[in-house]
Protein chains: 2
Amino acid sequence: MSLAGLFPIDKWNFKSQSILNNLPEDEYGYLCANMLEQKYNKGEVIFREGAVASGIFFIKKGKVKKYQVDQTGREQIIYVANTGELIGYHAILADERYPDSAATLEECVIAFIPKEDFLSAIEKSTVLPRRLLKTLSHEFAVLINSISVVAQRSVKERLAITLIVLREKFKEGTAAGEEIMINVSRNDLANMVGTGDENIARFLTEFKLAGILRTQGRKICITDVKKLIEISGYGTSE
Amino acid sequence: MSLAGLFPIDKWNFKSQSILNNLPEDEYGYLCANMLEQKYNKGEVIFREGAVASGIFFIKKGKVKKYQVDQTGREQIIYVANTGELIGYHAILADERYPDSAATLEECVIAFIPKEDFLSAIEKSTVLPRRLLKTLSHEFAVLINSISVVAQRSVKERLAITLIVLREKFKEGTAAGEEIMINVSRNDLANMVGTGDENIARFLTEFKLAGILRTQGRKICITDVKKLIEISGYGTSE
DNA sequence: GATAAAAAGTGATCTTTTGCAGCTTTTAAA
DNA sequence: TTTAAAAGCTGCAAAAGATCACTTTTTATC
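Residues numbered from 1 in each chain as written. Chains lettered and ligands numbered in written order. Predicted model: local features only at pLDDT ≥ 70, side-chain atom pairs only at ≥ 80, totals over all residues. Heavy atoms only, no water.

**Regarding the sheet that holds strand β7 (residues 101-104) of chain B**
Each strand in a sheet pairs with its neighbour through backbone hydrogen bonds, running either in the same direction (parallel) or in the opposite one (antiparallel). Pairing within the open sheet is antiparallel, and its 4 strands lie in the order β2-β7-β4-β5 (chain B). Two strands in the sheet have a free side with no partner beyond their single neighbour: β2 (45-47) and β5 (75-81) of chain B. When strand polarity is set aside, the average angle formed by the axes of neighbouring strands in this sheet is 30°. Set on the sheet, helix α4 (residues 127-152) of chain A makes contact with β4 (64-69) and β5 of chain B; between it and β5 of chain B the angle comes to about 130°. The sheet contacts of helix α6 (residues 186-193) of chain B involve β4 and β5 of chain B, and relative to β5 of chain B the element is tilted by about 95°. (Pairing = 2+ DSSP bridges. Helix = DSSP H or I, 4+ residues; strand = E, 2+ residues; numbered from the N terminus. Axes fitted to C-alpha atoms, helices over the stretch in contact; angles between N-to-C directions. Contact = heavy atoms within 4.5 Å.)

**Side note on the protein's contact with DNA strand C**
Among the 16 residues in the neighbourhood of DNA strand C, the closest are listed as Arg 186 and Thr 205 of chain A together with Thr 195, Asn 199 and Arg 202 of chain B. When the atoms of DNA strand C within 4 Å of the protein are grouped by moiety, sugar and phosphate amount to 62% of the total. Contact between DNA strand C and Val 155 of chain B: a phosphate oxygen at 3.0 Å from a main-chain N or O atom of the residue. Taking Glu 198 of chain B, its side chain carries an N or O atom lying 3.4 Å from a base nitrogen of DNA strand C. Of all the secondary structure elements, the ones that give two or more residues to the surface near DNA strand C are α6 (186-193) and α7 (197-209) of chain A together with α7 (197-209) of chain B. Among the elements that take part in the surface near DNA strand C, α7 of chain A stands out by supplying 4 residues, more than any other. (Near = heavy atom within 4 Å. Polar contact = N/O pair within 3.5 Å; in protein donor to acceptor, adjacent residues only side chain to side chain.)

**Details of the relation of the copies chain A and chain B**
With an axial shift of 0.0 Å and an RMSD of 0.0 Å, the rotation relating chain A to chain B amounts to 180°. Here the copies are linked by what is in effect a two-fold axis. Rotation axis and chain A: the residue whose C-alpha lies nearest the axis is Ile 147 of chain A, separated from it by 2.7 Å. Most of the interface of chain A is mirrored in chain B, where 98% of its interface residues are also at the interface. (Least-squares fit on C-alpha atoms with pLDDT ≥ 70 in both.)

**With respect to the domain arrangement of chain A**
All names here are of chain A. For chain A, the assigned domains read domain 1 (9-147) and domain 2 (154-232). Averaged C-alpha coordinates put domain 1 and domain 2 at centres separated by 25 Å. Carbon and sulfur atoms supply 53% of the area buried between domain 1 and domain 2, which totals about 1,300 Å² over both sides. A per-residue breakdown of the area domain 1 buries against domain 2 is headed by Trp 12, Lys 63 and Ile 77, which together make up 30% of the total. (Domains from an automatic or database assignment. Buried area = accessible area lost by both parts, 1.4 Å probe.)

**Some remarks on the packing of helix α5 (residues 155-171) of chain B against α7 of chain B**
Residues and elements named next belong to chain B. Where α5 contacts α7, the two axes come as close as 11 Å, and the packing angle between them is 70°. What the angle tells us is that α5 and α7 run roughly perpendicular. In contact with Val 155, Lys 156, Leu 159, Ala 160 and Leu 163 of α5, α7 contributes Ile 200, Phe 203, Leu 204, Glu 206 and Phe 207. For the contact of α5 with α7, the residue count by class is 8 nonpolar, no polar and 2 charged. (Parallel < 35°, antiparallel > 145°, perpendicular 65-115°, else oblique. Nonpolar A, V, L, I, M, F, W, Y, C, P; charged D, E, K, R; others polar.)

**Concerning the interface of chain A and chain B**
Counting from both sides, the interface comprises 46 residues of chain A and, opposite them, 45 residues of chain B. Around 3,800 Å² of area is buried between chain A and chain B when both sides are counted, 60% of it from carbon and sulfur atoms. At the surface where chain A touches chain B, the tally comes to 2 salt bridges. Here Glu 123 of chain B makes a salt bridge to Arg 130 of chain A, at a shortest N to O gap of 3.6 Å. Here chain A and chain B share 12 residue pairs in polar contact (both at pLDDT 80 or more) between them. Elements with a contribution of two residues or more to the side of chain A that touches chain B: β4 (64-69), β5 (75-81), α2 (89-94), α3 (115-124) and α4 of chain A. Per-element accounting of the side of chain A that touches chain B gives the leading share, 20 residues, to α4 of chain A. Looking at the side of chain A that touches chain B residue by residue, the class counts come to 18 nonpolar, 13 polar and 15 charged. (Salt bridge = Lys/Arg side-chain N within 4 Å of Asp/Glu carboxyl O.)

Next up, the structure:
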């Protein structure tokens with residue numbers, strides 16, 4: 001089923017894919033001159049919050065979590081980046097250290113582009129600055145939306161929203177007709193929602209009993225998205 | 001007292017001032033060609049979330065809250081913009097509707113710059129795109145920081161942080177040597193922290209009894225910032 | 001496939017936060 | 001200065017969420 005009109009999925013997606021999409025041949029070539037492609041295992045850290053930013057990363061394949069760790073050691077996942085997205089460019093553009101950490105959620109292929117190449121590509125390009133401004137501004141909208149939701153919605157609502165969004169992300173790697181399986185640990189799920197693992201387990205059980213989803217080991221399959229949208233709070237209005 | 005080294009105040013400030021600061025004469029002149037200056041009373045709405053974005057706003061004097069209202073009518077204040085800051089540019093750059101609403105927290109003087117002027121100023125300028133990229137990227141860091149804090153800190157800690165940040169904002173309009181008075185309603189304070197008015201009143205009383213602050217009507221004067229920083233959770237580490 | 005380690009699920013309890021009701025103080029307007 | 005309305009404060013009860021201990025299931029590795 002499509003979410004169109006039922007759930008504001010745009011409010012939850014950065015779409016940084018569009019930055020490099022259909023870039024003029026020469027500009028793309030230049031950007032890739034010193035590109036360093038690398039395979040990452042599941043759970044590997046790509047960069048850490050506070051580290052001096054040496055470049056940006058292009059996710060050629062896989063899913064990456066972006067997160068912050070607070071002083072008590074708890075992890076807050078800010079965003080899940082998918083195949084085709086760029087990460088790490090904020091630090092370069094702001095000329096600051098990485099504001100968050102990034103780690104793979106599954107096996108990934110990721111290309112590294114050195115800071116200098118990225119910056120001079122922007123310098124030379126006419127479309128890159130414009131695209132970056134657009135993407136960054138859109139990201140702003142996504143993030144303030146997240147703040148409102150985290151500040152005002154219950155854990156149950158937030159879990160519902162998280163599951164809907166994750167389902168869309170996992171849809172991309174799923175063949176048409178095949179069932180969409182969300183494959184993240186309960187702990188990662190808890191760190192996205194901003195609660196403890198136990199709470200997640202409890203609500204997942206509740207959702208399962210309500211016929212909203214089915215689990216296969218750690219994997220989750222949403223069987224009734226509509227009901228989930230209702231719980232998310234976006235169901236009636238918007 | 002200075003917060004340097006004690007509290008990461010940079011994590012809480014957009015600093016969009018720097019966008020127009022010391023802009024080359026001609027570029028600034030062009031940007032201001034059709035500028036429309038207007039006086040706003042306290043509490044007036046500047047633009048509303050979801051409205052088609054017609055331009056950007058330059059706060060010449062005063063403080064403005066940026067907020068979202070959820071379906072239950074609750075307001076979440078995302079940011080307080082101060083004298084010298086720009087607002088409304090995200091929507092223009094992203095080519096989307098305003099992602100949040102803006103309203104004055106006090107009497108303000110605000111100048112409106114039409115969308116077309118802003119966009120062609122960017123087109124013609126060499127420094128504007130760069131500055132915008134830098135500002136937007138920094139804003140990203142500020143917002144993800146907010147998400148972590150809202151998701152993981154207690155109401156008491158969040159109030160402490162909010163008070164420290166507000167104090168810095170009100171410092172700007174205060175003559176040197178004069179006492180810094182934070183002048184916002186309990187309701188606005190609650191909407192910044194993301195809780196109810198009653199909770200704010202309770203913790204303010206607690207802080208008052210602990211000798212951290214003093215109230216004069218609705219106005220708040222922080223008398224022991226250090227203690228507040230300890231409560232905020234930034235005291236020991238960072 | 002066996003097995004150890006890790007992750008997930010459940011129950012009980014404790015803490016934090018919310019929301020209501022009623023009261024007091026402050027503010028603004030007559 | 002008076003007065004009405006708005007804003008702020010406090011106590012209490014209920015709800016939501018966090019934490020701990022323990023069991024069960026799953027995953028990964030030999």
